[in-house]
Each structure stands twice: as C-alpha cells, then as structure tokens.
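# A look at the structure
What follows is the residue order along each chain.
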Amino acid sequence: MGIDKEQTFYNDELKVYRGEDFKVSKYITLHQPTLGEICDFGENEYYSMVYNFVSTPQSLKGQLWKLGIDYTTIKSPYELFCILFIKGQLLPLNSTKIVFGNLDFTKFILKKYRDTNKVDKFILYQKVNGDDVIFDEHIYNIVVDYLCKVHFITRDFQNPLNETTKMILIEDALDELARTNKSPKQSQLKNLISAMINSEGFKYNHSQVWDMKINAFMDSVKRIVKIKNAELLLQSGYSGFGVNLKEINNKQLDWLGELNES
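All values reported here derive from a predicted model rather than from experimental measurement.

Reading the values: rules and limits
- Residues numbered from 1 in each chain as written.
- Predicted model: local features only at pLDDT ≥ 70, side-chain atom pairs only at ≥ 80, totals over all residues.
- Heavy atoms only, no water.
- Helix = DSSP H or I, 4+ residues; strand = E, 2+ residues; numbered from the N terminus.
- Buried < 20%, exposed > 50% of the residue type's maximum accessible area, 1.4 Å probe, protein only.
- Contact = heavy atoms within 4.5 Å.
- Areas by Shrake-Rupley, 256 points an atom, 1.4 Å probe, with all protein chains shown as cover.
- Salt bridge = Lys/Arg side-chain N within 4 Å of Asp/Glu carboxyl O.
- Pairing = 2+ DSSP bridges.
- Axes fitted to C-alpha atoms, helices over the stretch in contact; angles between N-to-C directions.
- 1 Å grid on protein atoms, 1.4 Å probe; cavity = no way out; pocket = protein on both sides within 12 Å on 5 of 7 lines; lining within 4 Å.
- Points joined across faces, edges and corners; volume = space filled by probe spheres on them.
- Nonpolar A, V, L, I, M, F, W, Y, C, P; charged D, E, K, R; others polar.
- Core = buried A, V, L, I, M, F, W, Y, C linked by side-chain atoms within 4.5 Å.

Each helix and strand counted, the protein has 11 helices and five strands in total. For the protein, with 262 residues in total, the buried portion stands at 39%. Once local pairs closer than 6 in sequence are excluded, the contacts in the protein between residues at least 24 apart make up 60%. Total accessible area on the protein is roughly 15,900 Å²; 51% of this is exposed by carbon and sulfur atoms.

Put into structure tokens, the structure is as follows:
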C-alpha cells in the first residue's frame, strides 16, 4: 500500500485568498465555497463539518468527557479525528461534498500499519477506480492547515498544568456545552455580512456579496476592522488628548500588516 506521491506539501496563502480549488492528491481536492454556496448548503451544517476536521482534544474536552475519554490521553488532533471516525460516521457525503466533492468518507476504512520506526500508525483507506486513496496524518495536516487558513481558525493546544486544573477546565467545558445546547443556533455570518455591506470601504452590495469566497470575505472583515482601529488610534494620538502613540504596538498602526498581528 503506497502513499500517493502527487501531493502538494503546503498551502499558498495567496491562492487561498484567490479562492482556487486546492489539489492535495489525485482524488483529494478541496473546494473553497462562496457565501452563497454556504448559505444554500446550510451554514450550521457547513461549520459543523469544518470543525469535525480542525477540532483538537483540547477544544472538545467536554464532549470527550461525556464519551468517557480523558482528552489529555489523546496524543494528537489526528488521533482524535480517528477516534471520532470510529465512534460514528460523522462525515457522510452530503456533509462533506461542499469541500471534498465526490470523495466519500463513509467508504474509508481505518487500517493500522507499522512505520519504518516500528511505530503503529493509522490511516483511512479506500480504493477509487482501482487506485489506493489514503488519508493519513500528513494529508490530514495539509487539509486542516487549509481549512484553518480559509476560515481564520485558531486551534486550541493548551494543556493543563496539573490534575486539578484539568478537572476545572473539563467542568467549565461541560457547563459551556450545556448552555450551548439550550440556546438556539445563531448565524455566524449574518451579522458579519450585514456589517460589511453597510461599512464604508467594503465594495460589495447585498446582491454581490454572496459571490465572495469565504476566505476573501473573512479577510475583508478583519482588514476593515484593522484599518478602522489604526485610524482611530492615529486620530487619538495626533489629537494631543488621546492615546500616547509611543505606547502603542506599531503593528496595531500598520493597516497593511498581517491580520493575526496585534
């Protein structure tokens, strides 16, 4: 069983911003949807599918505890992904097709193999048109990196310092989970879209915005916030009655800078 050699080993940020489909291997191509495609598909279903891939043990500590699993015993997000895959078919074709097209995750089977260091590893495996299709940890990391870049997702990797802290974090997560389950699901995108089409500097109206790729839209949200913040700080600093610009991080004043810089 060989790993598909037709792999791209990085995600080009400019191509992510452009919104091109990203070919990971012969049978794995990632499509970046538009706002309109997400709306038609179902926003809640879309983000649920995305988070099934990008979640870490730390971000699902409450859910795992309810399954009888201590999240600190899970070595990696990929191991978590395999556990969730075993626990139930969370990725039916109708939930993944918006990103993965015709790749059917329900046809993958979990296989164990021993690597060159004699360490047991797991892969998802299926045959398509007689070819081996493998979804291993390496490909998983490429896919997750792409999804995180597209959606500006920051993953939680923080581990507790001791057992007491761990149990407090789990209890807090369970409380938050209970509150979330009681609350009606709200749109993550509606208020952002409304704010943008009513913001000076955003070039798309209500009819046009639905054709924007999700990454370009989220980039616009963060860029306009960064521009407005820089303008307010500069106006306040130069007024003589506001902030002291010498005490402000220059990255906050650079509206051309990276959006994850503060």
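Now for the pattern of salt bridges. The final tally for this structure, using the stated rule, is nine salt bridges. For Arg 18, the salt bridge identified is with Glu 20, shortest N-O distance 2.9 Å. Relative accessible area serves as the criterion here: at 63%, Arg 18 is assigned to the exposed category. Put simply, Lys 149 and Asp 145 hold a salt bridge, and the shortest N to O gap is 2.8 Å. Of the two residues, Lys 149 and Asp 145 both sit in helix 7 (residues 137–151), four residues apart, roughly one turn of that helix. Judged by its relative accessible area of 24%, Lys 149 is partly exposed. With relative accessibility at 29%, the residue Asp 145 sits in the partly exposed group.

Turning to the sheet that holds strand 3 (residues 109–114), a few remarks are in order. Sheet strands pair via backbone hydrogen bonds, and the direction of the pair is either parallel or antiparallel. Pairing is antiparallel across the open sheet formed by three strands, whose spatial order is 3-4-5. The sheet is open, and its two edges are formed by strand 3 and strand 5 (131–135), each paired on a single side. Neighbour to neighbour, the strand axes of the sheet diverge by 45° on average, direction disregarded. In this structure, strand 3 lies alongside strand 4 (residues 120–128), joined through six bridges in antiparallel fashion. Bridge pairing in strand 4 places Tyr 113 opposite Lys 121.

On to the layout of surface pockets, then. Considered as a void within the structure, the largest pocket measures approximately 1,100 Å³ in volume. Taken together, 28 residues line the largest pocket, and the ones lying closest to its centre are Ser 48, Tyr 51, Gln 63, Thr 180 and Gln 188. The element contributing the most residues to the lining of the largest pocket is helix 3 (residues 43–54), with seven residues. A class-by-class count of the residues in the lining of the largest pocket yields eight nonpolar, 14 polar and six charged.

When a strand is regular, its side chains alternate between the sheet's two faces. Judged from the five bridges that link them, strand 4 and strand 5 form a sheet pairing that is antiparallel. Looking at the pairing, Tyr 125 lines up with Ile 134 of strand 5. Hairpin connection of strand 4 to strand 5: two residues between the antiparallel strands, including Asn 129 at a positive phi of 55°.

Once that is clear, we can look at the nonpolar core. When a protein is soluble and globular, its nonpolar side chains tend to lie buried together. Core analysis: the largest hydrophobic core is formed by 49 residues, its most contacted members being Phe 53, Phe 135 and Phe 217. If you tally residues by element for this core, the top one is helix 7, at nine residues. Counting nine residues, the second largest nonpolar core, distinct from the first, contains Ile 74, Leu 80, Leu 84 and Ile 170.

The subject of this paragraph is the pairing of strand 1 (residues 22–25). As paired strands, strand 1 and strand 2 (residues 28–30) are joined by three bridges and run antiparallel to one another. Within strand 2, the position partnered with Ser 25 by the bridge is Ile 28.

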